[in-house]
Amino acid sequence: MRQKLVVGNWKMVGSLAANLTLLTRIKQAAPALACEIAVCVPFPYLAQARSVLASSPVAWGAQNVSKQPQGAHTGEVAADMLIEFGCRYAIVGHSERRALYGETDDKAARKFAAAARAGITPILCIGETLEERERGVTAEVVSRQLHAVLAQVGVAAFAAAVVAYEPVWAIGTGKTATPAQAQEVHALIRACVAAGSAEVGAALRILYGGSVKPGNAGELFAMPDIDGGLIGGASLVAEDFLAICAAAS
Ligand code: PEP
């Protein structure tokens, strides 16, 4: 039985004061919720997340990680640094990084490997653009993105990983994939991983991301292969994020 997981992706948003209010609300509500909860915060706020959430069931993580070990890589953050701040998760291959910062399938795979080596659970984001969906190549795109990582790290590494299906056309747009559209892709992702190992495929948590809100979370999370959500905008509003967590519980 896969436990549902809800992860907030704060993106590049926050301030010490606003974070404190948000983290405190989440920490207070979390013990009554049956799903696992995590927040992926901007790097400078990892110390704050650790200090506020340390004695709570809420995990925290980063939104990116270097594919390199420590060294001469100005501006990068190595996985073993994230470990020092107690990160359980690191997002890799988010579509904003793919579109705006040149993150290729290969780079995402190398970041996945770097996180996994350090003992951080990578949250691998994959998903098609609107143009790709309209061309009918969603399955091809998603399996290419997934296989790029499988080929580099092997299926066993997915035993300690999470995959997030995030159709690019649904991120921050208010347009959500229907539960049936999302389920179809989630089932495909699980089948790709299960082709390498039935056990790893069956246990893999696959999150849906893309304009999840309190009003649509329940029907998405009710689908058999949707194991929770990666939540952007709504994760910045305590009531909304907690309502989504409640829908996953
Ligand atoms: C995201 O950034 O991963 C995301 C899913 O954003 P939103 O929920 O705002 O669409």
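Residues numbered from 1 in each chain as written. Predicted model: local features only at pLDDT ≥ 70, side-chain atom pairs only at ≥ 80, totals over all residues. Heavy atoms only, no water.

Asker: How do you make sense of the site of the ligand when you look at a structure like this?
Answerer: Taken together, 14 residues surround the ligand, and among them Lys-11, Glu-166, Gly-172, Ser-211 and Gly-233 come closest. In this structure, Gly-172 approaches the ligand through a main-chain N or O atom, which is 2.7 Å from an oxygen atom. Taking Gly-232, its main chain carries an N or O atom lying 2.8 Å from an oxygen atom of the ligand. Split by residue class, the shell around the ligand holds four nonpolar, eight polar and two charged. (Near = heavy atom within 4 Å. Polar contact = N/O pair within 3.5 Å; in protein donor to acceptor, adjacent residues only side chain to side chain. Nonpolar A, V, L, I, M, F, W, Y, C, P; charged D, E, K, R; others polar.)

Asker: What is the right way to read the pairing of strand 2 (residues 36-40) from this model?
Answerer: Side-chain direction in a regular strand flips from residue to residue, so the side chains alternate between the two faces of the sheet. Here strand 2 lies mainly inside the structure; five of its five residues are buried. A two-sided burial pattern is seen for strand 2, the buried positions comprising Glu-36, Ala-38 and Cys-40 on one face and Ile-37 and Val-39 on the other. Alignment of strand 1 (residues 5-9) against strand 2, held across five bridges, turns out to be parallel. Residue pairing across strands places Val-6 opposite Ile-37, the latter belonging to strand 2. Note that the unit made of strand 1, helix 1 (residues 16-29) and strand 2 has a crossover that is right-handed. Both strand 2 and strand 3 (residues 59-62) contribute to a ladder of three bridges, which runs parallel. In the strand pairing of strand 3, Ala-38 is matched with Ala-59. (Buried < 20%, exposed > 50% of the residue type's maximum accessible area, 1.4 Å probe, protein only. Helix = DSSP H or I, 4+ residues; strand = E, 2+ residues; numbered from the N terminus. Pairing = 2+ DSSP bridges. Right-handed = clockwise from strand over helix to strand, strands pointing away.)

Asker: Help me understand the packing of helix 1 against helix 11 (residues 238-248) in this model?
Answerer: Describing two packed helices takes the angle between their axes plus the distance from one axis to the other. The interhelical angle for the contact between helix 1 and helix 11, taken along N-to-C directions, is 30°, at an axis separation of 10 Å. Here helix 1 lies roughly parallel to helix 11, going by the angle between them. The element helix 1 and its partner helix 11 pack so that their crossing is right-handed. Counting all contacts with helix 1, which are made through Leu-22, Arg-25, Ile-26 and Ala-29, the residues of helix 11 involved are Ala-238, Glu-239, Phe-241 and Leu-242. (Axes fitted to C-alpha atoms, helices over the stretch in contact; angles between N-to-C directions. Parallel < 35°, antiparallel > 145°, perpendicular 65-115°, else oblique. Left-handed = near helix turned anticlockwise from the far one by under 90°. Contact = heavy atoms within 4.5 Å.)

Asker: Would you take a moment to explain the packing of helix 1 against helix 2 (residues 46-53) for this structure?
Answerer: Interhelical geometry of helix 1 versus helix 2 gives an angle of 35° and a closest axis separation of 10 Å. In this structure, the crossing between helix 1 and helix 2 has a hand that is right-handed. For the pair helix 1 and helix 2, the contacting residues are Leu-16, Asn-19, Leu-20, Leu-23, Thr-24 and Lys-27 in the first and Gln-48, Ala-49, Val-52 and Leu-53 in the second. Taken together, the residues of the contact of helix 1 with helix 2 sort by class into six nonpolar, three polar and one charged.

Asker: Mind showing me how you'd approach the nonpolar core here?
Answerer: Burial of nonpolar side chains together is a common tendency in soluble globular proteins. Residues Leu-146 and Phe-158 are the most contacted members of the largest nonpolar core, which totals 65 residues. Ranked by residue count, the leading element in this core is helix 11, at six residues. Ignoring sequence-local partners within four residues, the contact set of Phe-158 consists of Phe-112, Leu-124, Leu-146, Val-149, Leu-150, Val-153, Val-163, Val-193, Val-200 and Leu-204. Formed by 13 residues, the second largest nonpolar core is a distinct cluster that contains Leu-5, Ala-59, Val-162 and Leu-230. (Core = buried A, V, L, I, M, F, W, Y, C linked by side-chain atoms within 4.5 Å.)

Asker: How should I be thinking about the pairing of strand 1 in this particular structure?
Answerer: Within strand 1, five of the five residues are buried, which leaves it mostly tucked inside the rest of the structure. Along strand 1, one buried face is formed by Leu-5, Val-7 and Asn-9 and the opposite face, lined by Val-6 and Gly-8, is buried too.

Asker: Would you take a moment to explain the layout of surface pockets for this structure?
Answerer: In this approach, a probe sized like a water molecule rolls over the atoms, and the result shows the empty space that is left. For the largest pocket, the calculated volume is near 430 Å³. The biggest single contributor to the lining of the largest pocket is helix 4 (residues 95-100), with three residues. Considered class by class, the residues forming the lining of the largest pocket number eight nonpolar, four polar and three charged. Counted as a void, the second largest pocket has a volume near 160 Å³. Contributions of two or more residues to the lining of the second largest pocket are made by helix 4, strand 5 (121-126) and helix 7 (138-153). Taken together, the residues of the lining of the second largest pocket sort by class into five nonpolar, five polar and four charged. (1 Å grid on protein atoms, 1.4 Å probe; cavity = no way out; pocket = protein on both sides within 12 Å on 5 of 7 lines; lining within 4 Å. Points joined across faces, edges and corners; volume = space filled by probe spheres on them.)

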